[in-house]
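Chain and residue survey
Here is how the chains run, residue by residue.
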Amino acid sequence: MKKPLSILVVKLSAIGDVIHALPVSYAIKETYPDARLVWVVEPVARPLLEGNPCIDEIITFEKKKFKSVGGFLREFGPLKKKIRAAAGKPDGYDYALDLQGLFKSAAIVWASGAKKCYGSEYMREMSDKISTPVVGPHANGHIVERYLDVARAIGCRVDEVKFPVAISEKEEWSVGELLRRAGVKDGTPYAVLAVGANWPNKRWPTKKYAELSDRLFEAGVIPVFVGGGAADEGLMAEINGYAELSPVSLVNETSLKELASVIKGAAVALGGDTGPIHLAAAVETPAVMVMGPTAPDRSSPYGMDADCLLAGHPCANCRKRACPKGIDCLDAISVDRVYEKLMEVIGRGR
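These remarks concern the structure in this document. Everything numeric in this text was worked out from a predicted model, so none of it was measured. (Residues numbered from 1 in each chain as written. Predicted model: local features only at pLDDT ≥ 70, side-chain atom pairs only at ≥ 80, totals over all residues. Heavy atoms only, no water.)

**Brief notes about helix α9 (residues 256-264)**
Most of α9 sits out of view: eight of its nine residues are buried. Where α9 is concerned, the buried positions are L256, K257, E258, L259, A260, S261, V262 and I263. Residues of α9 that are buried sit in contact with α1 (15-31), α2 (46-49), α6 (169-181), β7 (190-194), β8 (222-226) and α10 (275-282). (Buried < 20%, exposed > 50% of the residue type's maximum accessible area, 1.4 Å probe, protein only. Helix = DSSP H or I, 4+ residues; strand = E, 2+ residues; numbered from the N terminus. Contact = heavy atoms within 4.5 Å.)

This is how it looks when you write it as structure tokens:
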């Protein structure tokens, strides 16, 4: 009798990237239901994996503990031992999939002792010396499909693309209470607006968000802003300063799973190329993405590229965090365009 496979997936961060990789877990268990699947992730994205029925064990990689030489020497041995023990069988992992493609993920894959190691087509920092890059049929396509090509390389079929995001009843209840306290009554349509993004080039201007917010109120759709961290709080303060009516702000008010629940209940979600908008695609909420430095064919909310709004600059898809020309990239996308697209998407229903 053939022993079940043991498979290690390494996708550490960021939130949007871990969301893109979630269908790999489903593809593995769809093809190999008896396989043991272990996933290594950084703390910020770990909640996305918790409760995922396709993952048997989650191992947290705390990068900050490895930044000094002393920290590396102290922490690497125990991490290696933990990863190898998680394989669940004496002969270790059959496969390791490096979906990060960096030195830190390569070190984890090497430490696992996996028999065969594969990575996505874009491997950096010598990670291609540890894992074989997979240049599959979707090498120039969406990042979700590129990751799934790595799963296909180990024999996985991909009959359907699914994002296993588990939201508990407790999280749904707490979000319901949070929205009610904020003035969003049951049955009232609301739009989730992601205020920020890691790259300045991916942020729609706050003045335009404020104008859009007022127009949504007029249309009977409550604007609900989401985000996290001090930078997003600053952006939210600017929006409040510009807006005639104060929008609902849940910035820094939710956990990651609660954010997923907020988005799941929305009529539509809007933002730049950032985690909450990819999370919308994962929980099957219609999403509109405003884009400039990245391209829909690679980075749109999965399956929703037709609803992306492009800045249309000649230098589009430059992949730069900040514009070297000093252009506010997404300022070229007007409030009218965004409002009309949101109303179109809401009008379609779900």
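Now that the structure has been shown, the text picks up again.
**Comments concerning the pattern of salt bridges**
Summed over the entire model, instances satisfying the criterion amount to 22 salt bridges. In this structure, the salt-bridge partner of E42 is K104, at a minimum N-O distance of 2.8 Å. Remark: K104 occurs in helix α4 (residues 103-112) and E42 occurs in the loop between β2 (36-41) and α2; sequence separation between them is 62 residues. In this structure E42 comes out as buried when scored by relative accessible area, which is 7%. Of the charged contacts, one joins D91 and K115 as a salt bridge, the two residues approaching to 3.7 Å between their closest N and O atoms. Of this pair, D91 sits in the loop between α3 (69-86) and β4 (95-98) while K115 is found in the loop between α4 and β5 (116-119), placing the two residues 24 residues apart along the sequence. (Salt bridge = Lys/Arg side-chain N within 4 Å of Asp/Glu carboxyl O.)

**What to know about a nonpolar patch on the surface**
A contiguous nonpolar patch, built from V69, F72 and L73 and spanning about 320 Å² of accessible area, is present on the exposed surface. Its location among the elements puts L73 in helix α3. (Patch = residues over 30% accessible without salt bridge, like charges linked within 9 Å, V, L, I, M, F, W, Y side chains within 5 Å. Areas by Shrake-Rupley, 256 points an atom, 1.4 Å probe, with all protein chains shown as cover.)

**Comments concerning the sheet that holds strand β9 (residues 248-249)**
In a beta sheet, neighbouring strands are held together by backbone hydrogen bonds and run either parallel or antiparallel to one another. Strand order across the open sheet formed by six strands is β9-β8-β7-β10-β11-β12, with parallel pairing between neighbours. The open sheet has two edge strands with one neighbour each: β9 and β12 (309-310). Seen against the sheet, helix α12 (residues 335-348) touches β10 (268-271), β11 (287-291) and β12 and runs at an angle of roughly 155 degrees to β10. (Pairing = 2+ DSSP bridges. Axes fitted to C-alpha atoms, helices over the stretch in contact; angles between N-to-C directions.)

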